[in-house]
Each structure stands twice: as structure tokens, then as C-alpha cells.
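A structural walkthrough
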Amino acid sequence: MSQDGEPGAGLSTRRVHVGGHAVDVRGTFAPERPPILLVHGIGMSGEYFLPFADVLSQTHDVYAVDLPGYGRTPKPPRALTITELGEVLAKVTLALGLEAAVVVGHSMGAQIATHSVADHQGLYAGYVLIGPTVDPTARSLPGQAARLLRDSLTEPPSSNAVIFRNYLRMGPLRYLRTARYMVADRTEESIQRCTIPGLVMSGGHDPIPAGSWLRELVRLAPDAQLVEVPDGPHNVQLNRPRELAEACTPFLESVTGTQPEPRALFGQS
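Residues numbered from 1 in each chain as written. Predicted model: local features only at pLDDT ≥ 70, side-chain atom pairs only at ≥ 80, totals over all residues. Heavy atoms only, no water.

1. A word on the pairing of strand S5 (residues 61–66)
Counting buried residues along S5, six of its six residues qualify, which places the element largely inside the surrounding structure. Side chains Asp-61, Tyr-63 and Val-65 of S5 all project onto a buried face; the interleaved residues Val-62, Ala-64 and Asp-66 project onto the opposite face, where all are buried too. Where strand S4 (residues 35–39) lies against S5, four bridges are found, and the strand directions are parallel. For Leu-38, the partnering residue across the bridge sits in S5 and is Ala-64. For the segment spanning S4, helix H1 (residues 50–56) and S5, crossover handedness is right-handed. (Buried < 20%, exposed > 50% of the residue type's maximum accessible area, 1.4 Å probe, protein only. Helix = DSSP H or I, 4+ residues; strand = E, 2+ residues; numbered from the N terminus. Pairing = 2+ DSSP bridges. Right-handed = clockwise from strand over helix to strand, strands pointing away.)

Laid out in C-alpha cells, this is it:
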């Protein structure tokens, strides 16, 4: 692994090679703290996790991955399936030497996370799904596109700039192929095999997953709970990082044993 730069407060970037793939990892690389692994959605990269990662890094060892073909990582010859991305994630977790990490997936990253957890029993301590896809009531490319457009109208311009920059970097053809894999995948099936504790979350204004879908995922999971971040859009980790971290804290404490100081972590109320 080689050091590449400083993307944020307390975070540095290293490139990890696993299974013939390169994966860029932004992290604190502080093994004395309990680890959290952040997994981006379709077309995105660890960049949009940086505000959330900076908050979490005050109490945890935090890693935001750029999976193969995302961000500035080299593109594989073809777009990888959800299952394949879950395998890469597990190999990255092992390569980093993370023990009992909590894996946090946003949007399509929630699908990747559930596959990785389900297929690698004992590797993770818990999982968090933020705005998980794909809601069966919009299980089509047009349905997902319509909800994505609705969300873009509620996101701040600064958030949309990060999102669209990452989409352009991925490229339209690779994005479309990946979107087909995303729509075909069934989170409601993979989550049933996630036997470790889980947390299902969304922003209160997130149009991507319906509330009924979130409740169904919690019902199907062996051990999961539901939490909402009021007023948050789909990319709540980008523009409501402190509120999201505060909502996650009871769950993270329960699976990692951390006891953060609320004022230090979230600021004065």
C-alpha cells in the first residue's frame, strides 16, 4: 500500500491491491480504535463520505473505499456485479487487517454491504444501511431515475456538484451497466442472511427508498432496527453528517463498545 495524499482532517489515502483489483482507501489508519468501513453507492466514491468520516474519526478508525471503477481507481475491463463488489469489499477488509468492523453502505452501497456481510459470516461486527436500494415499487431504471431526479431537487448545490462530478468520472456506459446489476439485485433476500446486528436508516426527505420498504427490510433482517434523520435528503452523510453520526451513535456504541463524549463529537447544542 502506498501513501497518496491527505483528503481530509485526520484522513490519508492508500491504494490497496486485492484479487487483481486496485481500491483507493481514505482512512485514519488508527488500529487502536474500533473500525468503520464506508461503502459508496452507484457512480460515487469515498469523497461524499468525507464530512461523515471526519465526524466519526473523533472516536473510530474510519475507512472510506473507492471500489474498482469508482473515483480515481483503475477501471476493470467490465463493470462489476453487486456480488463481485461485495467480495472485493471483504478482501479489502482483510487486507487492511480490520477486526470486527462496522460496515456502512449508502444507497447501492447498502446492497454491496449486505452481500459482503451475508457471504462472509464473522468478518464484521455490524452493518448500517443508509437510504438502501432497490425499493420494489420502483424496481426499474426509469423508476430509479425518477426518484433520483426528485432527490436532486432537494440536495444543496454543493452536494449535487460532488455527485455529478463522480458520475462523469465513472462514465455513462459503465454507470448504465452497473445500474442494471443494481436493479436486478434483491436486498430483501441478502439481508435475511445478515445475522449480525444491523441499522437501517434514511433521511426524512429521502425519496429513493419508501418508508414501507425500510420497514420491510427491518422485518426481514434477523437483527435490525430502523432510525430516521429528520429533514435529511438521500445523501444525508454529505450534508447532515453530524445529525447522521448522532443518530448512529447508540448502535455503534452497542456493537463496538465506544462511549463518545456528545459535546466533543457533535458540538454544543
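From this point, things continue past the structure.
2. A few points about the confidence of the model for the chain
Scored by pLDDT, the chain comes out at a mean of 90, with 92% of its residues at no less than 70. Predicted confidence is poor over residues 1–7, with pLDDT under 50, and the contacts of this stretch with residues over four places away or in other chains come to 22 contacts. Predicted confidence is poor over residues 260–269, with pLDDT under 50, and the contacts of this stretch with residues over four places away or in other chains come to 16 contacts. (pLDDT = per-residue confidence, 0-100. Contact = heavy atoms within 4.5 Å.)

3. Let's talk about the pattern of salt bridges
Counted by the stated rule, this structure contains eight salt bridges. A salt bridge links Arg-147 to Asp-135; the shortest N-O distance between them is 3.0 Å. Separated by twelve residues along the polypeptide, Arg-147 in helix H4 (residues 141–152) and Asp-135 in the loop between strand S7 (124–130) and H4 bring together distant segments of the chain. The same class applies to Arg-147 as to Asp-135, namely buried. (Salt bridge = Lys/Arg side-chain N within 4 Å of Asp/Glu carboxyl O.)

4. With respect to the pairing of strand S8 (residues 198–203)
Within S8, six of the six residues are buried, which leaves it mostly tucked inside the rest of the structure. Neither face of S8 is open: one carries Gly-198, Val-200 and Ser-202, the other Leu-199, Met-201 and Gly-203, and all of them are buried. Pairing of S7 with S8, which is carried by four bridges, proceeds in the parallel orientation. Opposite Ile-130, over in S8, you have Met-201 as the bridge partner.

5. Concerning helix H3 (residues 108–119)
Between its terminal C-alpha atoms H3 stretches 17 Å, which fits the 16 Å expected from twelve residues at 1.5 Å a residue. Of all twelve residues in H3, eleven are buried, a share of seventy percent or more. Among all positions in H3, only Met-108, Gly-109, Ala-110, Gln-111, Ile-112, Ala-113, Thr-114, His-115, Ser-116, Val-117 and Ala-118 are buried. Next to the buried residues of H3 lie S4, helix H2 (82–95), strand S6 (101–106), S7, helix H6 (172–184) and helix H7 (187–190). (Expected span 1.5 Å × (residues − 1).)

6. Observations concerning the packing of H2 against H3
Put simply, H2 and H3 touch, their axes get as near as 8 Å, and they point 65° apart. Considering their axes alone, H2 and H3 lie roughly perpendicular with respect to each other. Along this stretch, H2 crosses H3, giving a crossing that reads as right-handed. Across from Ile-82, Thr-83, Leu-85, Gly-86, Glu-87, Leu-89 and Ala-90 in H2, the residues of H3 making contact are Met-108, Gln-111, Ile-112, Ala-113, His-115, Ser-116 and Asp-119. For the contact of H2 with H3, the per-class residue count stands at seven nonpolar, five polar and two charged. (Axes fitted to C-alpha atoms, helices over the stretch in contact; angles between N-to-C directions. Parallel < 35°, antiparallel > 145°, perpendicular 65-115°, else oblique. Left-handed = near helix turned anticlockwise from the far one by under 90°. Nonpolar A, V, L, I, M, F, W, Y, C, P; charged D, E, K, R; others polar.)

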